[in-house]
Amino acid sequence: MTAALSPLPARRPIRELPDTLISQIAAGEVVERPASVVRELLDNALDAGARRIEVRLVAGGVRLISIADDGCGIPQDDLPRALLRHATSKITSLDDLQAVETMGFRGEALAAIASVAEVELTSRATGSAHAWRLAPAEGSALQPAARETGTTVQVRELFFKVPARRRFLKSAATEQAHCLDAVRRHALARPKVAFEVWADGRAIAHWPAADLQQRIADVLGHEFLDESLPLDVRAGPLHISGRVGLPSAARARGDRQFAWVNGRFVRERTIQHAMRAAYADVLHGQRQPAWLLRLELDSALVDANVHPAKTEVRFRDSAAVHQALQSAAERALAAPRAAHATETAAPTDAPPAHRAPIRYPHAEERPPSAAIAELRALWGAGGARETEEREEPRPAPAFHEEATPPPESDTHQPLGRAIGQIHDAFILAENRTGLVIVDMHAAHERIVYERLKAQYEQRRIASQALLVAVSFAASGQEAACAEECAELLESLGLRISQLAPGQLAVRAVPALLAGCDAAALARAVLAELAAHGESRHIERAQNELLATLACHTAVRAGKRLTLPEMDALLRQMEACERADQCNHGRPTWRQLSMKELDALFWRGR
Ligand code: ADP
Ligand code: MG
């Protein structure tokens, strides 16, 4: 009896594929969509030393991508070879490959593109009397053409020969957005090169040659600078520079994470992972921070030939890169910023549009008063600052003149002088820039957290015995955990012992948390320990544990403070590392500048 098998397919003989088909197959890896063509052509223009690059798109790049540069051009007799597979002027040997300094080196981009679209090259090499034009679709002969030194590559009707690929393309608007993203990445990597982008005859981007700072502002907007901190370190052969975004400006999508290795935009696991680790301490949950990182190292220490699209690289010593990057980012994020508050109000006077809403740490959310709603609107909308940016400087309003001058010590006390408290949740302070608003609970939590961390690193968190032990009902698992982890709990300043089956008692708490709800604290810590399973894994989770401790700090919102107490809190914040964010990545304080206050009351309009 035979099962109903389908007949074996008729076997065909092995054949060598024709060249065009090989290119079309290879093109699948290089050319995914119009943006990949843009990327490759920009690489070529930059490799040719261009100072000015003009990109023109029609129908999202599907109808036409035209990229013109003022680089060194391609000599007449080289032109036909530019479109051949594995033809390149950039490497000649394996040694060259292992230390490649150019963006391109595989010699396949133009060939791949030409196999799935109509390509036309016009180029005038340095020193040539005129340009030459190569348009294979119109016949193979070279024709003289008029052009300044440089190259124009035109790519028409992408995938017209491969309808199956064409069906995967998205709307013209989406493809255009991807193309613009590709230009952005190159523009950020090469601020000295001017870029211009036209779409369907309209100019959509114009970024003149600039320094990196200006280029970032041009390409990503000024907020990116306001919401990020600079970073510049050398670790052995590695130079890391760029900016790391404030945790409070993190967003749901990771679309503001840029990394270049030796000028090449990459998505690389080591970098991603190091950055996640660097933010682990200051960012809550799945929020994605922004960052812009330029890694420079000897090209022999990194392999760029990992993927045809060259968006991946392999580091010779990825552990060293990981470590250098993580610690550089951590240090940049830890630098106290309060010190800058009075110098430049920029980093904080314009809170990000994406910041978490102000939360009252009380269980029940109070309805915001009208004034608070106003402040929220001001912070949330970000609209006020856009108009502010374009505003010409104007004479100081009368209010400035009448205001009492800020205290002399202002430079040493950037967060200024406390003037009061509202709703027992926010402290208001006056500094030279204007008004400082502090989320009391968040600020205190951050300070306590950093102190706990410092104590823990000294191997011991100071503990305070409770006069009366606080007992609470506990599950079998909690009781077992308390016993098993007694030593670790002790090192956290917590003493918990069993009173009776199903009953635990807290006998000591960290001195910094004196006055807290000891039972709630113990329960939270035990739950955390249970979640991390075996205690030998806990070392890794220590910061989470400390954060859990800190969040039980006794100074919750809802407590009345005296002015000296408020001032003391401000001074502690200035001294504290990372005082700008609470442990959950929420900001702890905000600056409202006089300009913003004026805007709030329509002064000077
Ligand atoms: P690769 O960049 O890997 O060498 P390509 O297929 O992208 O391969 O380009 C092939 C060759 O064509 C390059 O090596 C270079 O000599 C030449 N070429 C391409 N674009 C330009 C340009 N814009 N300016 C000068 N030369 C270019
Ligand atoms: Mg190339």
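Procedures and definitions
Residues numbered from 1 in each chain as written. Chains lettered and ligands numbered in written order. Predicted model: local features only at pLDDT ≥ 70, side-chain atom pairs only at ≥ 80, totals over all residues. Heavy atoms only, no water. Core = buried A, V, L, I, M, F, W, Y, C linked by side-chain atoms within 4.5 Å. Buried < 20%, exposed > 50% of the residue type's maximum accessible area, 1.4 Å probe, protein only. Contact = heavy atoms within 4.5 Å. Pairing = 2+ DSSP bridges. Helix = DSSP H or I, 4+ residues; strand = E, 2+ residues; numbered from the N terminus. Axes fitted to C-alpha atoms, helices over the stretch in contact; angles between N-to-C directions. Near = heavy atom within 4 Å. Polar contact = N/O pair within 3.5 Å; in protein donor to acceptor, adjacent residues only side chain to side chain. Nonpolar A, V, L, I, M, F, W, Y, C, P; charged D, E, K, R; others polar.

1. Points about the nonpolar core
Counting 58 residues, the largest nonpolar core has V31, V38, L41, I53 and V155 as its most contacted members. Not counting residues within four places of it along the chain, the set of residues in contact with V31 comprises S36, V37, A112, I113, V116, L158, F159 and R165. In this structure, I240, L293, A324 and A328 belong to the second largest nonpolar core, which totals 36 residues.

2. A short note on the sheet that holds strand β18 (residues 434–439)
If you walk across this open sheet you meet the four strands as β16-β17-β18-β22, and the pairing is antiparallel. Where the open sheet ends on each side, the last strands, each with one partner, are β16 (417–422) and β22 (589–593). Each strand axis lies, on average, 25° off the axis of its neighbour in the sheet, ignoring direction. Pairing of β16 with strand β17 (residues 426–430) involves five bridges; the strand directions are antiparallel. Across the sheet, residue R417 finds its bridge partner in β17, namely E430. Lying on the sheet, helix α16 (residues 440–457) is in contact with β16, β17 and β18; it crosses β18 at an angle near 70°. In the packing of helix α21 (residues 563–575) onto the sheet, contacts are made with β16, β17, β18 and β22, and the angle to β16 comes to roughly 115°.

3. Examining the site of ligand 1
Of all residues adjacent to ligand 1, which total 19 residues, the nearest are N44, T88, S89, K90 and G107. Separating an oxygen atom of ligand 1 from a side-chain N or O atom of K90 is a distance of 2.6 Å. Contact between ligand 1 and G107: an oxygen atom at 2.7 Å from a main-chain N or O atom of the residue. Those elements giving two or more residues to the shell around ligand 1 turn out to be α2 (34–47) and α5 (109–116). Looking at side-chain class alone, the shell around ligand 1 contains eight nonpolar, seven polar and four charged residues.

Read these as layout, nothing more, since geometry by itself doesn't imply function.
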